[in-house]
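Working through the structure, step by step
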Amino acid sequence: MAVLMAKYVAEQNGYLGYTIRTALNAYKDMSWHKALLYYLLTAETGIEMSQTNIAYICEENPELASSHLSSDCVWRYYNLSANQINSPSFAYLKMGDLYYYGYHNRSRNIDLAGVMYAEAASQSDSQGFYNLASLIEEGHSLSPVILDHLKINRTAWSSNYSLLLELYKRCNFYSTKESVSPCLLALFRLHLTVAWNSMLRDTMVHITATILLSLLIVIVLQHLQAIPGLQWLAGTESPARYVMDRSGQMDQGPSTPVIPANTSTERNIFIIRLARLFRFAAIIEAIRGMEERLHLHWNVGEWLFTVFGISICVACIVITLHVI
């Protein structure tokens, strides 16, 4: 505590304030060399604001920093700023990004990135909560120390969904600058994803969808019986060739003699339709088997089955409208 109080008293020095003001005026005048020099002088005295500012200047002007400084300016001064007692959330977020992406050939460190994002989140920074939720969605786990530090109820530790729900709710709560924040959209997407995954895993949904699509195909086949030349699609007539005569009328080419309808013929038609329904049911079962195989890659499977389902619905609607 004595060291912190001595640091606070030293930072009240008027000469340091004058130097920081000179650096700020130089930055406004786009005098990058002068701004870099004066921010460097005050940053080495331990002023957190100067450390953050010089790290930002080095990040925006890498050539300027490399020509005047031998050390890695961005890493050094963001790191110094993040280790201050009164460090802003911006410094924590920047250090978290440097750890996450692996700055300048440094290896990635997801654990330290999570710690930095948690420190930013502890200061009610919505970006910190959003980044922590992104880590969970990518498959990384948060340590119990981080969850305790953020005072997240232990009942929410049981599943990733409960953690994501809590983090996105806090993210949206602290996003007060925008009416529709990215956190709100992420929360909405989370609810949709969970609902869609539960629908894909629900057996009754598959059975209901199979029955409804089977009924739709039966209705389409019934309508096809009334269209000349397309009865064979419904199983009531063998395909025949149609040609145009010189008068422009449709002329049916040679075909097999028409067999009078009897009980045997109707039974054969019923068997053909029943066989087609069974083939359709087999297709549905094959699709379900593909879903199970794609369960390990749920993201690909989700979009694949969504596109496939939309295509089937559109095709059925088009055929029905055309027939009717």
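1. Overview of the packing of aromatic side chains
The way to describe two aromatic rings as a pair is by their centre distance and the angle between their planes. Per the counting criterion, the structure on display carries 7 aromatic pairs. Seen from their ring centres, F173 and Y174 are 5.1 Å apart, and the 80° between their planes marks the pair as edge-to-face. In this structure an aromatic cluster arises from ring pairing among F129, F173 and Y174. A cation sits over an aromatic face here: R76 above Y77, 5.2 Å from the ring centre. Sitting above the plane of the W75 ring, R106 keeps its charged end 4.1 Å from the centroid.

2. Things to note about the state of the cysteines
Here, the word disulfide means a covalent bond between the sulfur atoms of two cysteines. Tallied over the entire structure, the rule returns 2 disulfides. A disulfide bridge connects C58 with C73, and the sulfur atoms are separated by 1.9 Å. The disulfide joining C58 to C73 has a torsion of about 70° about its S-S bond and is therefore right-handed. Of this pair, C58 sits in helix α4 (residues 48-60) while C73 sits in helix α6 (residues 73-82); the two residues are 15 residues apart in sequence, bridging distant segments of the chain. Accessibility expressed as a relative area gives 2% for C58, which makes it buried. Across the disulfide from C171 sits C183; the S-S distance is 1.6 Å. Taken together, the positions of C171 in helix α11 (residues 160-174) and C183 in helix α12 (residues 182-200) put the pair 12 residues apart, joining distant regions of the chain. Each member of the pair, C171 together with C183, is buried. Here the bonded cysteines of the protein chain are numbered in sequence order, and their pairing is 1-2, 3-4.

3. Describing the environment of G17
By the secondary structure assignment, G17 is in helix α2 (residues 14-28). Given a relative accessible area of 39%, G17 falls into the partly exposed group.

4. Looking at the nonpolar core
Counting 57 residues, the largest nonpolar core has I54, C58, M95, L132 and L167 as the members making the most contacts within it. The element contributing the most residues to this core is helix α8 (residues 110-122), with 7 residues. Discounting chain neighbours no more than four positions away, the residues touching C58 are L36, A65, L69, C73 and V74.

5. Here we look at the pattern of salt bridges
Scanning the model with the defined rule gives 6 salt bridges in all. The salt bridge partner of R189 is E137, with a shortest N-O separation of 2.7 Å. Here E137 lies in helix α9 (residues 126-137) and R189 lies in helix α12, a separation of 52 residues in the sequence. Between R154 and D148 there is a salt bridge, and its shortest N-O distance comes to 3.3 Å. Using a relative accessible area of 55% as the deciding quantity, one classes R154 as exposed.

6. Quick word on the packing of α8 against α9
One can describe the packing of α8 onto α9 by two numbers: an axis separation of 7 Å at closest approach and a directional angle of 150°. Comparing the axis directions of α8 and α9 gives the class roughly antiparallel. Seen along the crossing, α8 lies across α9 with a hand that is left-handed. Contacts from I110, G114, Y117, A118, A120 and A121 of α8 reach α9 at G128, F129, N131, L132 and L135.

7. Remarks on a nonpolar patch on the surface
Judged by side-chain polarity, Y27, Y56 and F90 come together as a nonpolar surface patch covering roughly 260 Å² of accessible area. Position of F90 among the secondary structure elements: in helix α7 (residues 89-101).

8. Overview of the side chain of S89
Take S89: it is sitting in helix α7. Exposure remark for S89: the relative accessible area of 16% places this residue in the buried category. Apart from residues lying up to four places away in sequence, S89 is in contact with A120, Q123 and D125.

Reading the values: rules and limits
- Residues numbered from 1 in each chain as written.
- Predicted model: local features only at pLDDT ≥ 70, side-chain atom pairs only at ≥ 80, totals over all residues.
- Heavy atoms only, no water.
- Phe/Tyr/Trp six-rings, centres within 6.5 Å; stacked < 30°, edge-to-face > 60°.
- Lys NZ or Arg CZ within 6 Å of the ring centre and 35° of its normal.
- Disulfide = S-S within 2.5 Å.
- Helix = DSSP H or I, 4+ residues; strand = E, 2+ residues; numbered from the N terminus.
- Buried < 20%, exposed > 50% of the residue type's maximum accessible area, 1.4 Å probe, protein only.
- Core = buried A, V, L, I, M, F, W, Y, C linked by side-chain atoms within 4.5 Å.
- Contact = heavy atoms within 4.5 Å.
- Salt bridge = Lys/Arg side-chain N within 4 Å of Asp/Glu carboxyl O.
- Axes fitted to C-alpha atoms, helices over the stretch in contact; angles between N-to-C directions.
- Parallel < 35°, antiparallel > 145°, perpendicular 65-115°, else oblique.
- Left-handed = near helix turned anticlockwise from the far one by under 90°.
- Patch = residues over 30% accessible without salt bridge, like charges linked within 9 Å, V, L, I, M, F, W, Y side chains within 5 Å.
- Areas by Shrake-Rupley, 256 points an atom, 1.4 Å probe, with all protein chains shown as cover.

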